[in-house]
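Observations on the three-dimensional arrangement
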Amino acid sequence: ENKHEEKVQDPDRGEDETRAEMGSKTWADLAGEMKMFLWNPEERTCLGRTAKSWGLILLFYFIFYMCLAGMFAFCMYVMLLTLSPYTPTYQDRVSPPGVMIRPYLNGFTIAFNVSQPSTWQPYVDSMHHFLAAYDDKVQEEKNIECVSGQYFIQGGNESEEKKACQFKRSLLQNCSGIEDPTFGYSKGQPCILLKMNRIIGYRPGAGVPVSVDCKAQKGNESDLRSVDFYPGNGTFDLMYYPYYGKITHVNYTSPLVAMHFTDVKKNYLIPIQCSLNGQGIINDVNRDRFLGRIIFTLSIGK
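Residues numbered from 1 in each chain as written. Predicted model: local features only at pLDDT ≥ 70, side-chain atom pairs only at ≥ 80, totals over all residues. Heavy atoms only, no water.

On to the overall build of the chain. Within the chain, the secondary structure is distributed over 6 helices and 9 strands. The principal-axis extent of the C-alpha atoms belonging to the chain is close to 110 × 55 × 35 Å. In the chain, which comprises 302 residues, the proportion classed as buried is 35%. Across the chain, contacts joining residues at least 24 apart in sequence account for 74% of those joining residues at least 6 apart. Accessible area for the chain stands at about 18800 Å²; split by element, carbon and sulfur atoms hold 56% of it. A gap of 9 Å separates the mean positions of the 31 positive and 33 negative side-chain charges of the chain. (Helix = DSSP H or I, 4+ residues; strand = E, 2+ residues; numbered from the N terminus. Buried < 20%, exposed > 50% of the residue type's maximum accessible area, 1.4 Å probe, protein only. Contact = heavy atoms within 4.5 Å. Areas by Shrake-Rupley, 256 points an atom, 1.4 Å probe, with all protein chains shown as cover. Lys, Arg positive; Asp, Glu negative; His and termini not counted. Charge placed at Lys NZ, Arg CZ, Asp CG, Glu CD.)

Here we take up the state of the cysteines. Summed over the entire model, instances satisfying the criterion amount to 3 disulfides. Across the disulfide, Cys146 is cross-linked to Cys165 (sulfur-sulfur distance 2.0 Å). Note on the Cys146 and Cys165 pair: the S-S dihedral is about -100°, so by sign convention the disulfide is left-handed. Linking Cys146 in the loop between helix 6 (136–142) and strand 3 (191–196) with Cys165 in the loop between helix 6 and strand 3, this pair joins segments that are 19 residues apart in sequence. Judged by relative accessible area, Cys165 falls into the buried class, the value being 5%. The disulfide partner of Cys214 is Cys274, and the gap between their sulfur atoms is 2.1 Å. For the disulfide bridge between Cys214 and Cys274, the dihedral angle about the S-S bond is near 110°, and by the sign convention the bridge is right-handed. Of this pair, Cys214 sits in strand 4 (residues 210–216) while Cys274 sits in strand 8 (residues 270–277), and the two are 60 residues apart along the sequence. (Disulfide = S-S within 2.5 Å.)

The next thing to look at is the packing of aromatic side chains. As enumerated under the stated definition, the model contains 14 aromatic pairs in all. Plain terms: the ring middles of Tyr134 and Phe167 are 5.7 Å apart, the flat faces sit at 85° to each other, and that makes the pair edge-to-face. In this pair, Tyr134 is assigned in the loop between helix 5 (117–131) and helix 6 and Phe167 in the loop between helix 6 and strand 3, connecting sequence segments 33 residues apart. On the basis of relative accessibility, which here comes to 2%, the residue Phe167 falls in the buried class. By way of ring pairs, the aromatic residues Phe60, Tyr61, Phe64 and Tyr65 are connected into one cluster. Its end group placed over the ring of Tyr244, Lys162 keeps NZ or CZ at 5.3 Å from the ring centre. (Phe/Tyr/Trp six-rings, centres within 6.5 Å; stacked < 30°, edge-to-face > 60°. Lys NZ or Arg CZ within 6 Å of the ring centre and 35° of its normal.)

With numbering matched to this structure, UniProt assigns "transmembrane region" (unreviewed entry) to residues 54–80. Helix makes up 100% of residues 54–80 and strand 0%. Its end C-alpha atoms lie 39 Å apart. (UniProt positions renumbered as here; feature names shortened; annotations may be inferred.)

Note that the residue after Arg102, namely Pro103, is joined by a cis bond; omega there is 5°. With respect to the secondary-structure elements, Pro103 resides in the loop between strand 1 (99–102) and strand 2 (109–113). In this model, Tyr241 is joined to Pro242 through a cis peptide bond whose omega is 0°. Residue Gln173 is not a glycine yet carries a positive backbone phi of 50°. Tracing the backbone through its elements, the reader meets Gln173 in the loop between helix 6 and strand 3.

This next bit is on the sheet that holds strand 7 (residues 257–264). Ordered in space as 1-3-7-5, the 4 strands form an open sheet in which the pairing is antiparallel. Lying at the two open borders of the sheet, with one neighbouring strand each, are strand 1 and strand 5 (224–230). The average angle at which neighbouring strand axes cross in this sheet is 30°, direction not considered. Sheet topology places strand 3 next to strand 7; 4 bridges connect them, and they run antiparallel. Within strand 7, the residue paired with Cys191 across the bridge is His260. Taken strand by strand, helix 5 contacts strand 1 and strand 3, and its axis lies near 40° from that of strand 3. (Pairing = 2+ DSSP bridges. Axes fitted to C-alpha atoms, helices over the stretch in contact; angles between N-to-C directions.)

Spatially, the 5 strands line up as an open sheet ordered 2-9-8-4-6, and their pairing is mixed. Both edges of this open sheet fall to strand 2 and strand 6 (235–236), since each of them pairs with a single strand only.

Given below as structure tokens:
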């Protein structure tokens, strides 16, 4: 009692004595206390807990995390019930479509010298690889002939496999790579393919085929003197729409428009803009260079 009273009367003195007692412990003492904490043979405890205590706490956390996992799985299951694997629930941010070109190797600059085959051969190889799925025999085996000028609307259950219309590479005529395997690159008259991005259920043009035109974006318009379009006058036929998604529209191949640059100013960088034209098409948004149009640079050396 006297010692307790002394500590109460002089707390600083008690702290000093405690520090002194702790400082007097050796490493062996500390190791012994740690060993006793890890396993106390008298009380049969590990880390201060008995086997029963460890079992109860582990059981508690097992049940706790199993409940969390079950709640998460249930929420995911309910959410997936509201989604369709065939049609996106919301498509308001992907319409109207963007466009892309082929070949696409090193960005949006197509540059080569006619007299150096090594500069244009990669473009030719890329074109052949891309058009392999459009070979006439492949299309005849996998797809069907459709009625031109009208949408190919297919009813039935959305999970049923849909048929696809044939798009043969021979439709691209001078840009098919059949008569001229170099696609005009060996002559300085390159072919470039344009395709619209796929949007499930989209019907472009509101009943009128969407067309394509190209012009020099900057500089003198005479730098781009002549461009031929295939097939026909450079339109996307309505029979290739709508698209029903990759799960059910298995053999679908996107329609293409080939642009044959037959007369372009040589040894000069020409920025070219190719745009879609049709009802519901947007091609004048400056912050999006792929929405309804695409801009690329063409440089043809002698």
